Amino acid sequence: MNQNPTLSTFSMEKTQKPVNQDLSIVFHPASTVAKYEYIVTKDGVAGSPITITGAIDAPIYLLESGEYQITVNTYDATGALMEVKKSGTYVIDKEKPRINVGERSLVMEQGSTLKPLEGIVVTDNHDGNLIDKVTTNYDRIDFETLGIKTLTYTVTDQAGNTATESITINVVESTSNQLQLTQATIIAVLLIVIFVIMKYRHTMALEKRIAKYALEPLVDNSKSIFDKILDRYFVIVQKLSKILSKSVFVQKFSKRYEKYAGTVNHRYKKGIHFVASKTLIALIFLLIAVFAKTLQYQVITFYEALIPLLCGFMMPDLLFIYQYKRYRNRIENDLLQAIIIMNNAFKSGRSIQQAIHLVTTELTGPICEEFKKMELELSFGLSIDVVFHRFSDRVRLEEVAYLTASLSILNKTGGNIIKVFSSIEESLFNKKKLKLEMASLTGSSRMIMYALIVVPLLFIAFVSIINPTYFVPLFTSVIGIILMIIMVILYVAYIYIVRRVMKVRM
């Protein structure tokens, strides 16, 4: 009951501290009040006035978070304003503090320690920074035993709202001994390399001292250091090939590289040599990754080792494809010259074998090597059909297949070889001319295609340089990973479709 009916009062003048519950403020009007209206102001924004008739108590409910103030205008029976009554400030805070723990999973070595509050950010909408009020269970966690531990952070704001966040800590065995062993191995390898270099320099200095007492050879057949390193590399590849060839799976896998044998690299005569080279490069990439992690005083993890292994094993394929495509293009470009030379030889009354020999003497490059193989096969007694079929199987060009079919028909049915080769020569000339015209007409379109392929990669590179953490959410969240996969699929599909559209089959 209102203790002083001559005055208007509020049941609660103000809150001493923020509360996390609803408030019901009762206004007790004086007995002389005929009517009154109250206005609730929340966070500085006034609401609509509500009118109450008669001197009756009115409960005013405050239900949401914010700062409130109530203003009441009272009137007498004549409608004249009697007084303006203002309440105190009521603060309702129902929002929990926010705890940002950063990484939600950590890896610690057995027996090590960490600073639990380092990097932790705690904020509240009303109290601001609450890092000083954070409590953890860090002192109750046993970091001497292996396994998954849970570190819990708890904070309560002034209104009584409590927030909790947890991170998992995987306690693993100490890798300091492994790290020291790796460092010692790397240092030993470096010392051996330095010793070999010093020994080589000493040998070179000794050679210069006694050179004035020796006769210089007319032809210097000495190899450079780079050539010696390459020779040693190919020796290791040969030995590794013998080991890998014992596996049936590797033997089947190496079949896809048989087309590169003798074309991409003349030292590699079998597909297994390419697989051995890829394996050796992958191991070199892995050693570089281990060395880099050791310099950072860290031990390389499984996934960190898997990435350089895959990159080292797959990257040589790009070089093989490029070299093989370049080899085929050179043969395709020089084939017309070979046809012209052979046709001129036929016009002068020479045989096919003499025409092939003339090509080997007049031309250089891959086409010369292929015709030398054909000449050698003819000297071993193989027929013209077989020799040109083997040539067609090696280079896999449509023009060569057409040439081989024509010679096979001529060899079986007879005919004027000069007219046939003149027709082939004219056909290849027109086709080459058409290709050059097509390349000239589509040059600008191809440049635009290459630009559109490269621009997204350059954009990613520039943004990563300016803001290294900009793309981190794509790799640290489930939605980001899904979007990343979709973008890669769309990008690859875009490249495939554009290349198919731009490709003109002659």
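Notes on the structure follow.

Here is what the cut-offs are and how they apply
- Residues numbered from 1 in each chain as written.
- Predicted model: local features only at pLDDT ≥ 70, side-chain atom pairs only at ≥ 80, totals over all residues.
- Heavy atoms only, no water.
- Axes fitted to C-alpha atoms, helices over the stretch in contact; angles between N-to-C directions.
- Helix = DSSP H or I, 4+ residues; strand = E, 2+ residues; numbered from the N terminus.
- Contact = heavy atoms within 4.5 Å.
- Nonpolar A, V, L, I, M, F, W, Y, C, P; charged D, E, K, R; others polar.
- Pairing = 2+ DSSP bridges.
- Patch = residues over 30% accessible without salt bridge, like charges linked within 9 Å, V, L, I, M, F, W, Y side chains within 5 Å.
- Areas by Shrake-Rupley, 256 points an atom, 1.4 Å probe, with all protein chains shown as cover.
- Salt bridge = Lys/Arg side-chain N within 4 Å of Asp/Glu carboxyl O.
- Parallel < 35°, antiparallel > 145°, perpendicular 65-115°, else oblique.
- Core = buried A, V, L, I, M, F, W, Y, C linked by side-chain atoms within 4.5 Å.
- Buried < 20%, exposed > 50% of the residue type's maximum accessible area, 1.4 Å probe, protein only.

One way to put it is that helix α5 (residues 302–347) packs onto helix α8 (residues 384–395) with a least axis distance of 11 Å and a crossing angle of 145°. Facing Y324, Y327, R328, I331 and M342 of α5, the residues of α8 in contact are F388, R394 and V395. Looking at the contact of α5 with α8, its residues break down into 6 nonpolar, no polar and 2 charged.

Sheet architecture is open: 4 strands sit in the order β10-β15-β14-β13, paired in mixed fashion. At either margin of the open sheet sits one strand with a lone partner, and together these are β10 (105–109) and β13 (135–136).

Attention shifts here to a nonpolar patch on the surface. Taken together, the side chains of V478, I479, I482, L483, I486, M487 and L490 make up a nonpolar region of the molecular surface, amounting to roughly 700 Å² of accessible area. Among the structural elements, I479 can be located in helix α13 (residues 478–502).

Below, the discussion takes up the packing of helix α11 (residues 443–466) against α13. At a minimum axis separation of 11 Å, α11 and α13 run at an interaxial angle of 175°. Taken together, the axes of α11 and α13 are roughly antiparallel relative to one another. Residues S445, R446, M449, L452, I453, P456 and L457 of α11 form the contact with α13, whose participating residues are Y491, Y494, I495, V498, R499 and M502. By residue class, the composition of the contact of α11 with α13 is 10 nonpolar, 1 polar and 2 charged.

Attention shifts here to the nonpolar core. Formed by 51 residues in total, the largest nonpolar core has its most connected members in F274, M342, I356, I367, F371, F388 and F391. At 12 residues, the largest contribution of residues to this core is made by α5. Counting residues in hydrophobic clusters, the runner-up holds 18 residues, among them Y38, I52, I60 and Y68.

Here the focus is the pattern of salt bridges. One pass over the full model with this rule turns up 10 salt bridges. Note that E377 is salt-bridged to R390, the shortest N-O span being 2.9 Å. With E377 in helix α7 (residues 366–379) and R390 in helix α8, this residue pair connects regions lying 13 residues apart in the sequence. Residue R390 is classed as partly exposed on the basis of its relative accessible area, which comes to 41%. Salt bridges sharing common partners tie together E370, K373, E377, R390 and R394.

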